[in-house]
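Coordinate inspection notes
One letter stands for each residue in the lines below.
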Amino acid sequence: MKAFEDAEKNGATDPISATLAGRLRSIRLMGKLGFAHVEDASGRIQFFLRVNELGEEKMTFFKEYFDLGDFIQGTGTLTRSRTGEISLILTDFAMLAKAISPLPAAKDEVVDGVVVRHATLADPETRYRQRYADLAVNPEVRQIFRTRTALITALRKFLDSHDFMEVETPILQPIYGGAAARPFITHHNQLKQDLYLRISFELYLKRLLVGGFDRVYEIGRDFRNEGVSYKHNPEFTQLEFYWAYADYLKVMELTEQMIAFACDQVLGTRKVTYNGQEIDFNPPWKRVDLRQGLINAIGIDIQAYPDAASLEKVMLEKGMKFKPGEARGKLIDHLLGEYLEPTFIQPTFLYDYPRDISPLAKTKPGDPTMVERFEGFVGGMELCNAFTELNDPQDQENRFLEMGRQFKADDEENMPLDEDYIHAMAYGMPPCGGFGIGVDRLAMLFTDNHSIREVILFPPLRESE
RNA sequence: GGGCGCGUAGCUCAAUGGUAGAGCAGUGGCCUUUUAAGCCAUUGGUUGAGGGUUCGAGCCCCUCCGCGCUCACCA
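Our subject in this report is the structure included herewith. (Residues numbered from 1 in each chain as written. Chains lettered and ligands numbered in written order. Predicted model: local features only at pLDDT ≥ 70, side-chain atom pairs only at ≥ 80, totals over all residues. Heavy atoms only, no water.)

The next thing to look at is the pairing of strand S11 (residues 193-197). The pairing of strand S9 (residues 172-173) with S11 spans 2 bridges and is antiparallel. Counterpart to Gln 173 in the pairing with S11 is Tyr 196. For strand S10 (residues 185-188) and S11, the ladder comprises 4 bridges, and the chain directions are antiparallel. Paired with Thr 186 across the two strands is Leu 195, which belongs to S11. Between the end of S10 and the start of S11, which pair antiparallel, lie 4 residues, with Lys 192 showing a positive phi angle near 50°. (Pairing = 2+ DSSP bridges. Helix = DSSP H or I, 4+ residues; strand = E, 2+ residues; numbered from the N terminus.)

Here you go:
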């Protein structure tokens with residue numbers, strides 16, 4: 001097409017011939033001539049069928065056998081139709097693939113240059129169950145996944161260019177860890193051993209720091225056997241990196257740069273519209289101290305309530321609803337989830353977390369109850385989580401044991417003691433900053449989708465029938 | 001798991017308890033510059049499944065299945 005336009009500009013008159021292929025998206029036949037739009041991943045073009053060039057026989061064949069959705073190859077020369085659209089005048093064509101089953105066809109109307117689609121496939125169940133049909137008829141859905149892929153490419157490019165090495169660690173793990181979540185359990189027949197699908201990459205990536213890789217990252221799937229929601233999917237894509245000789249403050253800065261870089265690469269702008277609000281990813285992000293943030297939001301200074309009982313008491317006095325009997329850290333987690341998270345529309349780092357909900361993070365100097373940890377929030381949604389990693393094997397072992405005591409023996413969210421991880425750390429692990437981000441959620445923000453299923457190609461659904 | 005809502009033709013949607021419809025797609029016909037092509041004709045339904053109430057149920061009631069929203073859950 002470009003060659004044709006160039007030739008037109010230069011006043012060239014030699015016909016440009018071409019062979020093009022794609023899927024038939026519209027057919028308009030009128031006796032001895034007709035038009036059809038043919039679409040492939042690169043766009044669409046109009047085929048012009050005329051009995052003058054094709055002859056009666058081929059014209060009849062087309063009429064008889066071609067339907068919407070079929071894949072066609074056409075050979076001919078490029079021209080402009082009377083209405084100015086570049087079209088391929090066919091001298092021959094071939095059926096490449098037949099659509100036995102009709103696509104849930106949508107019709108496009110171009111009004112003032114804007115494509116208006118009529119009666120498009122819209123039922124979410126059908127769209128997810130038959131994503132292939134959704135993609136085939138809804139170009140904007142294809143665009144979501146192009147953006148998603150471009151996003152992952154950009155994140156990779158950023159980390160590669162900062163000398164991070166991409167690695168792959170086990171998905172099937174004998175002991176799960178690195179997060180507090182219920183795992184999926186599977187079984188290896190020959191080993192006669194139950195295995196868990198990983199809930200995070202963390203413990204394996206940090207083993208690599210012990211091994212001498214100073215900057216590692218992994219992009220892959222985590223599995224958590226928990227409820228689904230607009231921002232939770234049982235399997236989701238996570239990016240984690242670990243950075244030796246860095247702390248959480250340096251990780252914050254790198255995070256800002258990485259997201260801004262992805263914006264530039266993928267969107268060409270650092271301002272996105274999400275849920276009707278403009279979100280500005282330009283660094284620096286807003287930074288909120290967790291303790292101060294809670295004081296401002298609800299007037300509770302967690303420092304003044306050093307144990308669960310006293311904190312529960314003041315929360316009750318404020319008329320807050322919560323599950324009683326939780327550990328102090330869980331109560332604080334509840335507070336920030338309830339009163340802070342939804343208010344963080346613009347990119348915000350919430351930092352300095354209570355120690356007892358952060359068993360892998362390094363304690364803050366001068367305050368043994370707090371750790372050097374931050375979470376990033378955007379659009380009222382938790383996006384990433386990071387901390388200065390705990391690298392003292394004895395402290396780490398104590399934390400695991402502490403965590404174990406907080407849970408009942410049958411609680412699957414219990415973080416089991418990973419002795420090999422402790423052993424690795426005992427060889428010496430460099431101080432480092434670690435980081436994890438929910439790639440699906442970032443894709444939601446980049447594509448202005450408010451359901452994680454819209455950015456996952458094949459979201460899980462119950463079996464039908 | 002709880003609450004609310006939805007499920008009608010391939011797709012998008014109508015139908016006070018009284019013979020299930022439209023547009024597009026499909027099929028047949030006309031048409032040599034269309035682009036939601038047009039015109040004429042026409043096919044298409046176990047109204048998610050099962051039960052109940054009623055002379056009569058797409059509509060009312062119950063059970064089940066699926067989906068959505070929401071709450072709970074969730075580093």
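A cluster of nonpolar residues, Tyr 132, Leu 457 and Phe 458, forms a patch on the protein surface that exposes about 350 Å² of accessible area. Locating Leu 457 in the fold gives a position in the segment after helix H13 (439-447). Since its relative accessible area comes to 37%, Leu 457 is described here as partly exposed. (Patch = residues over 30% accessible without salt bridge, like charges linked within 9 Å, V, L, I, M, F, W, Y side chains within 5 Å. Areas by Shrake-Rupley, 256 points an atom, 1.4 Å probe, with all protein chains shown as cover. Salt bridge = Lys/Arg side-chain N within 4 Å of Asp/Glu carboxyl O. Buried < 20%, exposed > 50% of the residue type's maximum accessible area, 1.4 Å probe, protein only.)

Moving on, we come to the protein's contact with RNA strand B. Around RNA strand B lies a shell of 52 residues, among which Ser 81, Thr 83, Glu 125, His 232 and Arg 453 are the nearest. Sugar plus phosphate: this is where 56% of the atoms of RNA strand B within 4 Å of the protein reside. For RNA strand B, a base nitrogen lies 2.9 Å from a polar atom in the side chain of Asn 52. Separating a base oxygen of RNA strand B from a backbone N or O atom of Arg 82 is a distance of 2.6 Å. Mapped onto the surface near RNA strand B, the elements with two or more residues apiece are strand S1 (17-30), strand S2 (33-40), strand S3 (43-50), helix H2 (51-65), strand S6 (107-111), helix H3 (124-129) and strand S20 (381-388). Split into classes, the residues belonging to the surface near RNA strand B amount to 19 nonpolar, 11 polar and 22 charged. (Near = heavy atom within 4 Å. Polar contact = N/O pair within 3.5 Å; in protein donor to acceptor, adjacent residues only side chain to side chain. Nonpolar A, V, L, I, M, F, W, Y, C, P; charged D, E, K, R; others polar.)

In total, this model carries 31 salt bridges according to the counting rule given. Where Arg 156 meets Glu 166, a salt bridge forms, and the shortest distance between an N and an O atom there is 2.9 Å. Taken as a pair, Arg 156 in helix H5 (residues 139-161) and Glu 166 in strand S8 (residues 165-166) lie far apart in primary sequence, 10 residues in all. Look at Arg 156 and you get partly exposed, because its relative accessible area is 28%. Arg 207 is the partner of Asp 420 in a salt bridge, and the nearest nitrogen-oxygen pair spans 3.0 Å. Of this pair, Asp 420 sits in helix H12 (residues 419-426) while Arg 207 sits in helix H6 (residues 202-210); the two residues are 213 residues apart in sequence, bridging distant segments of the chain. For Asp 420, a relative accessible area of 46% corresponds to the partly exposed category. On the basis of relative accessibility, which here comes to 16%, the residue Arg 207 falls in the buried class. Linked by salt bridges that have partners in common, Arg 25, Glu 39, Arg 44 and Arg 142 make up one network.

Attention now goes to the sheet that holds strand S5 (residues 86-97). As a general point, the strands of a sheet are linked pairwise by backbone hydrogen bonds and lie either parallel or antiparallel. Here 5 strands make up a closed barrel; going around it, the order is S1-S2-S3-S5-S4 and the pairing mixed. In this sheet, neighbouring strand axes are inclined to one another by 50° on average, regardless of whether the strands run parallel or antiparallel. Pairing geometry for strand S4 (residues 71-80) and S5, over 10 bridges, is antiparallel. By the bridge assignment, Thr 75 is partnered in S5 with Asp 92. Along the sheet face, H2 touches S1, S2, S3, S4 and S5 and points at about 45° away from the line of S5. (Axes fitted to C-alpha atoms, helices over the stretch in contact; angles between N-to-C directions. Contact = heavy atoms within 4.5 Å.)

Taken together, the buried positions of H12 are Tyr 421, Ile 422, Ala 424 and Met 425. Down the axis of H12, the smallest arc covering the buried residues is 155°, so these residues share one side. Facing away from the buried side of H12, by more than 90 degrees, are the exposed residues Glu 419 and Ala 426. Just past H12, the residue Gly 428 takes up positive phi, approximately 105°. (Arc of directions from axis to C-beta.)

Quick look at H6 now. Burial analysis of H6 places 7 of its 9 residues in the buried class, which makes it a mostly covered element. Of all the residues in H6, the buried ones are Glu 202, Leu 203, Tyr 204, Leu 205, Lys 206, Arg 207 and Leu 209. On its buried face, H6 sits against S9, strand S12 (215-223), strand S13 (235-244), S20, H12 and strand S21 (432-438). Downstream of H6 by a residue or two, Gly 212 has a phi angle that is positive, lying close to 110°.

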